[in-house]
Amino acid sequence: MIGHSAHRWYRANWLALLLPAALLVGAWGSQLIGGLYPCEMCHWQRWPHYAAVVLAGIGLVQPSLRRPMVVLAALAIMLSGLIGVAHAGVEYHWWQGFTACTSTVSASGGSAADRLAAIMKAPMVRCDQAQWTLFGISLAGFNAIFSLGGAITILSLVRRAR
């Protein structure tokens with residue numbers, strides 16, 4: 001049975017490395033090849049994935065640290081998924097955005113110079129407008145689905161390995 005436990009930890013470790021790496025490749029590919037530029041909340045979703053790749057990598061090269069690194073990587077992946085839920089909700093207008101990239105520029109009030117300055121300060125890519133969807137699901141929505149599903153799978157493997 002010890003062999004099965006170690007194998008589950010190993011599988012969880014690889015999943016904790018490959019899932020965020022694949023999602024980051026997709027994000028960077030859609031940006032560099034597909035021309036979809038990330039908004040502020042898109043960047044927020046990437047940071048936990050970067051951390052998960054590093055943590056899972058440490059777990060692979062340092063087996064004595066595998067258990068805490070895999071759990072921390074799974075939690076980082078889950079955090080990205082939760083940010084994805086928040087971002088998708090902003091895109092679908094289920095709730096109000098809370099960053100500058102969801103604010104609208106007011107076309108009234110103030111001088112023409114003030115209005116121009118507000119327009120020039122407005123973000124190029126808005127967080128509350130999905131740039132791309134498939135079957136009605138935005139990239140933030142897909143990140144939420146894959147990240148939360150992957151984190152649950154990793155934690156399930158960890159739980160069964162104990």
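Details of the structure are given in the entry above.
Below: a short report on this structure. (Residues numbered from 1 in each chain as written. Predicted model: local features only at pLDDT ≥ 70, side-chain atom pairs only at ≥ 80, totals over all residues. Heavy atoms only, no water.)

1. Observations regarding the packing of helix α2 (residues 40-61) against helix α3 (residues 66-91)
Inference 1: In contact at an axis separation of 8 Å, α2 and α3 are set at 170° when each is read in the N-to-C sense. One element, α2, and the other, α3, form an angle in the roughly antiparallel class. Note that α2 runs across α3; the crossing there is left-handed. (Axes fitted to C-alpha atoms, helices over the stretch in contact; angles between N-to-C directions. Helix = DSSP H or I, 4+ residues; strand = E, 2+ residues; numbered from the N terminus. Parallel < 35°, antiparallel > 145°, perpendicular 65-115°, else oblique. Left-handed = near helix turned anticlockwise from the far one by under 90°.)

2. Looking at α3
Inference 1: The first and last C-alpha atoms of α3 sit 37 Å apart over 26 residues, in line with the 38 Å expected at 1.5 Å per residue.
Inference 2: Of the residues one or two after α3, H93 is the one with positive phi, at around 60°. (Expected span 1.5 Å × (residues − 1).)

3. Things to note about the packing of aromatic side chains
How two aromatic rings sit relative to each other is set out by the distance from centre to centre and by the angle between their planes.
Inference 1: According to the stated counting rule, one finds five aromatic pairs in the structure shown.
Inference 2: Centroid distance W47 to Y50: 5.2 Å. Interplanar angle 70°. Geometry classified as edge-to-face. Of the two residues, W47 and Y50 both sit in helix α2, three residues apart, roughly one turn of that helix.
Inference 3: Overall, the relative accessible area of 27% leaves Y50 in the partly exposed class.
Inference 4: Between the aromatic rings of W94 and W95, the centroid separation amounts to 6.0 Å while the plane-to-plane angle is 70°, which identifies the pairing as edge-to-face.
Inference 5: The exposure class assigned to W95 is partly exposed, which follows from its relative accessible area of 39%.
Inference 6: Taken together, the ring pairs in this structure connect Y92, W94 and W95 into an aromatic cluster. (Phe/Tyr/Trp six-rings, centres within 6.5 Å; stacked < 30°, edge-to-face > 60°. Buried < 20%, exposed > 50% of the residue type's maximum accessible area, 1.4 Å probe, protein only.)

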